[in-house]
Amino acid sequence: MAGPGAAAREVLTAAQARRTALAAQGLARPRPEGRPTPRHLQRVVDRVGVVQLDSVNVLARSHRLPFFSRLGPYDDELLRRAGERSPRRLVEYWAHEASLVPPSTHRLLRWRMARAADEAWGRYRRILSERPRLLDDLLAAVAEGGPGTAAQLTARLHPGAPRSSAGSWMVAPTEAVLAGPARDVKAAAEQLFWSGELSAAGRTAQFERVYDLSARVLPPEVAGAPTPSEDEAVRGLVEIAGRALGVATEPQLRDYFRLRPEQSRAAVAALVEDGVLAPVRVRGWRRPALLHAGATFPRRATGRALLSPFDSLVFERSRAEELFGVRLRLEIYVPAARRVHGYYVLPFLLGDALVARVDLKADRGARLLRVQAAWGEAGAPEHAPAELADELRLMAGWLGLDDVLVVGPGDLAPRLADELRRG
């Protein structure tokens, strides 16, 4: 049962703050029973506010995992429908990195779109001066010919131009292999995406953006809504972050939508004055914290979840360490010989603690979920390996895999392998 409201709290213990954060993210209780529905999916969206995208597919695309963590095995069609069919419940934009957000939040990011000519990545901005007419031609091609990937739009504008197999996710590694027309169309499409004139109507199986006019992607009530002032919009974003985090420091609130310090501080001050956020001290935290008025205070946390390394509970690494006393490090871009825990490592949440971490790979050819490494955390309970084994089996089934196999090192690997054999 939750305790008194936020206004009555001046000091939180570290454990109370941790459970409050878990409740805010929808991870303090066991998953709902029964088959997840669109309503369940919407509840997750409403709680977390932002779902980060990433192209790595060694296990599953990262945006799929937060919903599994909170709902268990769900039908991927629910997520596709939410992001690719009208009226959309999720749209894509630069929020916390490239992210899925509710359409109403897309409207709060228009000030960022307005700065695209100055703040978009340099290779996108250059197209404005080098080939300004291309942006108009590209908009016309989408308006007349309908949605398309960068490759498809290149073919419309430059029939017979060399085709490229380079995808449209992280442009920096692939742009060097794009020929002139393809490179320019790709840069123009991304600049128009950044400025909000184009949106993503969806993604291909190769994770390429499918560009369409924002007016056709966004629900009409959002597309036609007036643009809020920057102060009003930033305040809305910080309020979303505060609700999603429950209790957080100002830099942690700021990071949720990658705001500037001066923007965040002004918004926090206004929200404190209005009683939406309340200053609070968390024992053991170095910085003062802020508590959202809607925060709850469970006496216990009883959830269980494998978390994507890009999950909003842990994507701000210093916050994860402050909450759980565990240092998480994204090692995807670390040379293999220097990795400590593995390539695609998921923390395992049990109750109110991160008790283990596993490096996972979906071997789709062999229909196996491979545990490349398994590591326990200090103070993990004795039953943690059995709980982790159950969670891995659940994940394997959701991914359409037949079994789980421990193949790598780690202090937890032998115990985990034993538990999986017992199952």
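Since we're looking at a predicted model, the values are computed, not measured.

One can describe the packing of helix 9 (residues 132–145) onto helix 10 (residues 150–157) by two numbers: an axis separation of 10 Å at closest approach and a directional angle of 100°. In this view, helix 9 runs roughly perpendicular relative to helix 10, as classed from their interaxial angle. For the pair helix 9 and helix 10, the contacting residues are Leu 134, Asp 137, Leu 138, Ala 141, Val 142 and Gly 145 in the first and Leu 153, Arg 156 and Leu 157 in the second. Here the residues of the contact of helix 9 with helix 10 sort into six nonpolar, one polar and two charged.

Here we come to the sheet that holds strand 12 (residues 353–363). On the basis of which strands lie adjacent, the open sheet formed by five strands has the order 10-11-12-13-14 and mixed pairing. Among the strands making up the open sheet, the edge pair consists of strand 10 (304–306) and strand 14 (403–406). Adjacent strand axes in the sheet meet at a mean angle of 30° when their direction is disregarded. The pairing of strand 13 (residues 368–376) with strand 14 spans four bridges and is parallel. When the bridges of strand 14 are listed, Leu 369 appears paired with Val 404. Against the sheet, helix 19 (residues 384–398) engages strand 10, strand 11 (345–350), strand 12, strand 13 and strand 14, with an angle of about 60° to strand 10.

The next thing to look at is unusual backbone geometry. Leave glycine aside and you will find that most residues have negative phi; peptide bonds, for their part, are mostly trans. Look at the link from Ser 86 to Pro 87: it is a cis peptide, with omega at -10°. For Pro 87, the position within the fold is in the loop between helix 4 (76–84) and strand 3 (91–95). For Glu 97, which is not glycine, the phi dihedral falls at a positive 60°. Inspection of the secondary structure assignment puts Glu 97 in strand 4 (residues 97–101). On the accessibility criterion, Glu 97 (34% relative accessible area) is partly exposed. A positive phi angle is found at Phe 207, which is not glycine, with a value near 70°. Position of Phe 207 among the secondary structure elements: in the loop between strand 5 (198–203) and strand 6 (209–213). With a relative accessible area of 4%, Phe 207 lands in the buried category.

Here we take up the environment of Gly 160. With respect to the element layout, Gly 160 can be found in the loop between helix 10 and helix 11 (171–174). The spatial distance from the C-alpha of Gly 160 to the C-alpha of Lys 186 is 16 Å, given a sequence separation of 26 residues.

Rules used throughout
Residues numbered from 1 in each chain as written. Predicted model: local features only at pLDDT ≥ 70, side-chain atom pairs only at ≥ 80, totals over all residues. Heavy atoms only, no water. Axes fitted to C-alpha atoms, helices over the stretch in contact; angles between N-to-C directions. Helix = DSSP H or I, 4+ residues; strand = E, 2+ residues; numbered from the N terminus. Parallel < 35°, antiparallel > 145°, perpendicular 65-115°, else oblique. Contact = heavy atoms within 4.5 Å. Nonpolar A, V, L, I, M, F, W, Y, C, P; charged D, E, K, R; others polar. Pairing = 2+ DSSP bridges. Buried < 20%, exposed > 50% of the residue type's maximum accessible area, 1.4 Å probe, protein only.

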